[in-house]
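# Structure at a glance
What follows is each chain in one-letter form.
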Amino acid sequence: MFPFARRVVAVTTVLGLAGIVGCGEAPAGEDPGTITVLQGSVSLGDPHIASDSSNRLGILFSVDEALVKLDSEGMFQPSLAESWEKGPDGRSWTFHLRQGVTFHNGEVMTASDVVATLGRVLDPSIGGAFGTQGVYISYLGNAEISAADDATVRIITEEPMADLLDLLVAMPISPASALDLLPGEYVGSGPYRVSEVGEDRVELVAHESYWGPAPRYEEIHWVAVADPSERVDALVRGEAHIASNIGIEGWRRISEDGGAIGHQWDTGLAIIFMLNAMEGPAENRAVRQALNYALDVDEIIAQVKDGAARPLNGYLTPHHFGYNPETPPYPYDPDRARALLAEAGYGEGLDLTFDYPSTMPDEAPELVRLMAEQFARVGINLDVVEHTDRAAYSEMVRDKRIHDGACFDSSPRSTYRVLREKLHSGLKGPWWEGYHNDTVNDLIREAQATMSDPERQAIYREIYSIVRDDAPWIFLYRPIRYWGVSLRLPEWR
């Protein structure tokens, strides 16, 4: 039995969550009253759909808890499960539940609540956001989930799943009696309970019967303010304690005038273009490599992101398990790009059409403009198609109806999910666009039967280098996220 984590990564699922809902004694001289957080949106939606929205998750995991959680170093730690055991076959998992956990409705958690909740997570009628419907079912749809007794939950997966915790960390547990109330009412076990939900505001109050250390603040008010500059204004005026996603301009303003404390964080988000390897020029590996060599990513970051991003060297970020820091990024090499295009039969030029959304990432329109300029330098004529309905755009990508390439933000923190949903040609997952490599498929299968974390990490790093060279995507950058914190919360992290 081992109660603690096994990761060699550094990532938090919810940016700054520990600093907002932190428990224990308040800093000296700090009023432990109401904390106001400003962000772009406050919509909670259904807690059991797959989503990587930081705006949503920050609130959700102040209210709810999963069996396991990630600490600030990205290590799995006990949460509603005090400890767990995994079988050597990679299929059998046993979770020993924490005793005395009281939900916000006064009920005490038992294994039946966990089983019922996971059953709802896997209910196909729950749907998804931005094309994520059915994602969890594809992993655990045939799993046996049962209660051995009131304090023990067993999960037996159909195939080895060494990274099962990657999934469970995102599945908040609710009392079985309250599942039918979702998504209208939210009953969790977290340090805060929902007191009010509106279109532009969610108010939380401390959960008096929380099983862990007492919540630091009595209330948290999450308020939607669409304009980042207005969030900064309100923070500087003292009308809020935290303003999230304020961009580099907001961060500079705060840092220069000293009206608040500016923070920044290198995200685990990857801004990329998925290439159509099912048909067309991007079926050819040389063309895909040429597209990467043809782009000056440093120039793109400087012009499109004002320097607020880091170049990618593949499909993951340093926050991901199995990221290989020794894998070199594609350098800007227009001569190499021209040679590869000629090798592929496009020495006289190449015409491509890329799809892009008008938002998410919001810089996509400017991004494709600059990419078209850079591609033209090596004889590539890029035509672009804008899509203003972001949800419909996600469905189009999921349905594999893209042109030669499509702008996307790869956001799962789970390497296992990225590989299965986007790169495994045998599974043809929701975001797979035609890439095929039998060696990669075999290594993914081997990794999932490898319970040793160092050994599995070595396999993932091997996959990482192979995929980088095969270039199924155009690897661009990972954004830096900025936020501001009131001078009244100097110890917030």
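Rules and cut-offs
- Residues numbered from 1 in each chain as written.
- Predicted model: local features only at pLDDT ≥ 70, side-chain atom pairs only at ≥ 80, totals over all residues.
- Heavy atoms only, no water.
- Salt bridge = Lys/Arg side-chain N within 4 Å of Asp/Glu carboxyl O.
- Helix = DSSP H or I, 4+ residues; strand = E, 2+ residues; numbered from the N terminus.
- Buried < 20%, exposed > 50% of the residue type's maximum accessible area, 1.4 Å probe, protein only.
- Phe/Tyr/Trp six-rings, centres within 6.5 Å; stacked < 30°, edge-to-face > 60°.
- Lys NZ or Arg CZ within 6 Å of the ring centre and 35° of its normal.
- pLDDT = per-residue confidence, 0-100.
- Contact = heavy atoms within 4.5 Å.
- Pairing = 2+ DSSP bridges.
- Axes fitted to C-alpha atoms, helices over the stretch in contact; angles between N-to-C directions.

### Some points on the pattern of salt bridges
In the structure shown here, the tally under the stated rule is 24 salt bridges. Between Asp-163 and Arg-456 there is a salt bridge; the shortest N-O distance is 3.1 Å. Residue Asp-163 is located in the loop between strand 7 (152-156) and helix 5 (164-168), and its partner Arg-456 is located in helix 15 (residues 453-470); the two are separated by 293 residues in the primary sequence. As far as the burial class goes, Asp-163 and Arg-456 line up, both buried. With its nearest N and O atoms 2.6 Å apart, the salt bridge here joins Asp-306 to Arg-252. Here Asp-306, found in the loop between helix 9 (297-304) and strand 14 (309-311), pairs with Arg-252, found in helix 7 (residues 247-257); they are 54 residues apart in sequence, far enough to count as distant. Exposure remark for Asp-306: the relative accessible area of 33% places this residue in the partly exposed category.

### What about unusual backbone geometry?
Cis rather than trans, the peptide bond between Leu-182 and Pro-183 has omega equal to 0°. If you check the backbone angles, Asp-306 has positive phi at about 55° while not being a glycine. Although it is not a glycine, Lys-400 sits at a positive phi angle of roughly 60°. Along the polypeptide, Lys-400 turns up in the loop between helix 12 (390-398) and strand 17 (405-410).

### Remarks on the packing of aromatic side chains
Under the definition given, this model contains 14 aromatic pairs. Aromatic pair Tyr-210 and Trp-211: ring centres 5.2 Å apart, planes at 45°, arrangement tilted. Where Tyr-315 meets Trp-473, the ring centres are 6.3 Å apart and the plane angle is 80°; that geometry is what we call edge-to-face. Pair noted here: Tyr-315 is in the loop between strand 14 and helix 10 (334-343) and Trp-473 is in strand 18 (residues 473-485), with a separation of 158 residues, a long-range link. Using a relative accessible area of 2% as the deciding quantity, one classes Trp-473 as buried. Linked through ring pairs, Tyr-315, Tyr-323, Tyr-464 and Trp-473 together constitute an aromatic cluster. The ring centre of Trp-211 lies 3.9 Å from the NZ or CZ of Arg-98, which sits over that ring.

### A few points about the confidence of the model for the protein chain
Summarising the model, the protein chain shows a mean pLDDT of 91, and 92% of its residues fall at 70 or more. Taken together, the stretch residues 1-30 has pLDDT below 50 and engages in 98 contacts with residues farther than four places along the chain or on a different chain.

### Points about the sheet that holds strand 6 (residues 144-149)
The strand order across the open sheet formed by four strands is 4-5-7-6, and the pairing between neighbours is antiparallel. The open sheet has two free edges, formed respectively by strand 4 (81-86) and strand 6, since each of these has just one partner strand. Going across the sheet, the axis of each strand differs from the next one's by a mean of 20°, ignoring polarity. The pairing of strand 5 (residues 92-97) with strand 7 spans five bridges and is classified as antiparallel. Bridged to His-96 within strand 7 is Thr-152. Each of strand 5, strand 6 and strand 7 is contacted by helix 3 (residues 111-121), which is oriented at about 170° to strand 6, the strand it contacts most.

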